[in-house]
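Descriptive analysis of the structure
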Amino acid sequence: MGTTTTTTGNRQAFFNGLSQNLDNLRQQGLYKPERVIASRQGAEVTCDDGRQLINLCANNYLGLSGDEAMVQASIKATEQYGYGLSSVRFICGTQTVHKQLERALSDFLGTEDTILYAAAFDANGGVFEPLFDENDAIISDALNHASIIDGIRLCKAARLRYAHNDMADLETQLQTAAGKRHRVIVTDGVFSMDGTIAQLDKICALADKYDALVMIDECHASGFMGATGRGTHEHHNVLGRIDIITGTLGKALGGAMGGFTAARKEVIDTLRQKSRPYLFSNTLAPSIAGASLAVLQRLSSSTELRDRLHANTAHFRREVAALGFTIKPGTHPVVPVMLFDAPVAQKFAARLYDLGVLVTGFFYPVVPMGQARVRVQLSAAHTTEQLNTALAAFAQAGRELGLIK
Ligand SMILES: *Cc1c(COP(=O)(O)O)cnc(C)c1O
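Okay, so let's go over this structure. Note that the structure is a prediction, hence the values are computed from the model and not measured.

What to know about the environment of His382
- For His382, the position within the fold is in the loop between strand E16 (372-377) and helix H15 (384-400).
- As for His382 and Ile203, which are separated by 179 residues in sequence, their C-alpha atoms are 34 Å apart.
- When neighbours within four sequence positions are excluded, His382 is seen to be in contact with Ala43, Ile54, Asn55, Leu56, Asn312, Gln377 and Leu387.
- From its side chain, His382 meets the backbone oxygen of Asn55 in a polar contact 2.8 Å long.
- At 3.0 Å, the side chain of His382 and the backbone nitrogen of Ser379 are in polar contact.

A look at the site of the ligand
- What surrounds the ligand is a group of 13 residues, the closest being Ala120, Asp217, His220, Thr248 and Lys251.
- Between the ligand and Phe121 there is a distance of 2.9 Å, counted from an oxygen atom to a backbone nitrogen or oxygen.
- Side-chain polar atom of His220 to an oxygen atom of the ligand: 2.8 Å apart, as the coordinates give it.
- Coverage of the ligand by the protein chains reaches 83% of its 390 Å² of free accessible surface.
- With three residues, helix H5 (residues 120-125) is the single largest residue contributor to the shell around the ligand.
- Its residues assigned to classes, the shell around the ligand comprises four nonpolar, six polar and three charged.

Let's talk about the sheet that holds strand E6 (residues 183-188)
- Judged by pairing direction, the sheet is mixed, and its seven strands sit side by side in the order E3-E11-E10-E9-E6-E4-E5 without closing on themselves. Each edge of the open sheet carries a strand with a single partner, namely strand E3 (113-117) and strand E5 (158-162). The mean inter-strand angle of the sheet, taken between neighbouring strand axes irrespective of direction, is 20 degrees.
- Relative to strand E11 (residues 259-263), strand E10 (residues 244-248) is paired through five bridges, and the arrangement is antiparallel. Across the sheet, residue Ile244 finds its bridge partner in E11, namely Ala263.
- Where helix H6 (residues 146-153) meets the sheet, it contacts strand E4 (137-141), E5, E6 and strand E9 (213-217), and its direction lies at approximately 160 degrees from that of E4.
- The strands touched by helix H7 (residues 167-176) within the sheet are E4, E5 and E6, with E5 carrying the most contacts at an inclination of about 160 degrees.

Concerning the sheet that holds E16
- Across the sheet, four strands lie side by side as E12-E13-E16-E15; this open sheet has antiparallel pairing. One side of each edge strand has no neighbouring strand; the edge strands of this open sheet are strand E12 (326-327) and strand E15 (361-362).
- Where strand E13 (residues 334-340) lies against E16, six bridges are found, and the strand directions are antiparallel. When the sheet's bridge partners are listed, Val337 is paired in E16 with Val374.

With respect to the nonpolar core
- Ranked by size, the top nonpolar core spans 86 residues in total, and within it Leu56, Leu170, Ile203, Phe316, Val359, Val376 and Phe394 carry the most contacts.
- Setting aside residues up to four positions removed in sequence, Phe394 forms contacts with Leu56, Phe316, Val320, Leu323, Phe325, Val337, Phe348, Leu352, Val357, Val359, Val374 and Val376.
- Formed by 20 residues, the second largest nonpolar core is a distinct cluster that contains Ala123, Val127, Phe128 and Ala263.

Rules of the game
- Residues numbered from 1 in each chain as written.
- Predicted model: local features only at pLDDT ≥ 70, side-chain atom pairs only at ≥ 80, totals over all residues.
- Heavy atoms only, no water.
- Helix = DSSP H or I, 4+ residues; strand = E, 2+ residues; numbered from the N terminus.
- Contact = heavy atoms within 4.5 Å.
- Polar contact = N/O pair within 3.5 Å; in protein donor to acceptor, adjacent residues only side chain to side chain.
- Near = heavy atom within 4 Å.
- Areas by Shrake-Rupley, 256 points an atom, 1.4 Å probe, with all protein chains shown as cover.
- Nonpolar A, V, L, I, M, F, W, Y, C, P; charged D, E, K, R; others polar.
- Pairing = 2+ DSSP bridges.
- Axes fitted to C-alpha atoms, helices over the stretch in contact; angles between N-to-C directions.
- Core = buried A, V, L, I, M, F, W, Y, C linked by side-chain atoms within 4.5 Å.
- Buried < 20%, exposed > 50% of the residue type's maximum accessible area, 1.4 Å probe, protein only.

Take a look at the structure:
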């Protein structure tokens, strides 16, 4: 067998078609290159070209991704429980550390029970089909995460969309779904492109009025939203009124990977019996389960990281606006610095890279046409000095490109 594949005819046309599509993406400026980091993730990273950069684009909200205590907690769990399970949970893949983490997540989120997944993408992919069928209606915010959209597609329930964050339209959709057996409202707790916080107080009131369930995806909230970091439901004072919570261990809660669904016992039991990404995919590695457990213990004993994150966010939001940049108003550590024009956003991000700041430009189709931006994400790990250095680079690049005076 040779190492090169020669192909002819229609098979060759398949590969040519892919190459053509990739070339089109490059020509349209939509091809996504990947920066290669040669260090741990953190407030500063070293790229493979040797450049050291202040990192403003990780979901490392609490600064735990490269944290030494996390590394040690994962090593300790590996030593105790081994490298992996080589099994799904129900065959021979459940260890005490997985049960402890599920218990700790339930306590943290204020639910009866929790089920772990390999990713939040799987949690969302596997939550709808076991719980709802053609007699039911799923009412979903138009800007919900791709994994929610895919999960809903796998389910036979009627699909209704409400305009993003539009409570009047949500009410209209609830009325449309009045004849269904069950209605469930689904929303991201926080929308990651704008840092918009879902209006859970109003959503819960509408759910009560129309006898609907509420599900939230807390990927950009768990660990730091609300007074003790429990999430958007704590932020909006609706703890105990959310029926289903999905979230990730891959952002604020440590940053490795893994996801979960938290809810009442009968919901979680049903998912353990029927949710396909749980039944047919390997157990979360014990190193991740053990380190995630350490995160929850740390967050339960102190709000220090959460407080530092919010102080950093307030500082950056205030100072970048004072420089003359347009930001989307809000309080979330996602800070969209609006540049509107896609090539400008790319040039600005490239210049910041030269100046030692890592940010990514976002443009259509990731955000609406004419809404190009760099999305800054603050971390508890940033020092005020690092943020001020980054702000000086924003000022310089902004003046050079004529974006600010
Ligand atoms: C990141 C994200 C996910 C996916 O999380 P993973 O654990 O990385 O699969 C799902 N939903 C939302 C809203 C997210 O931001």
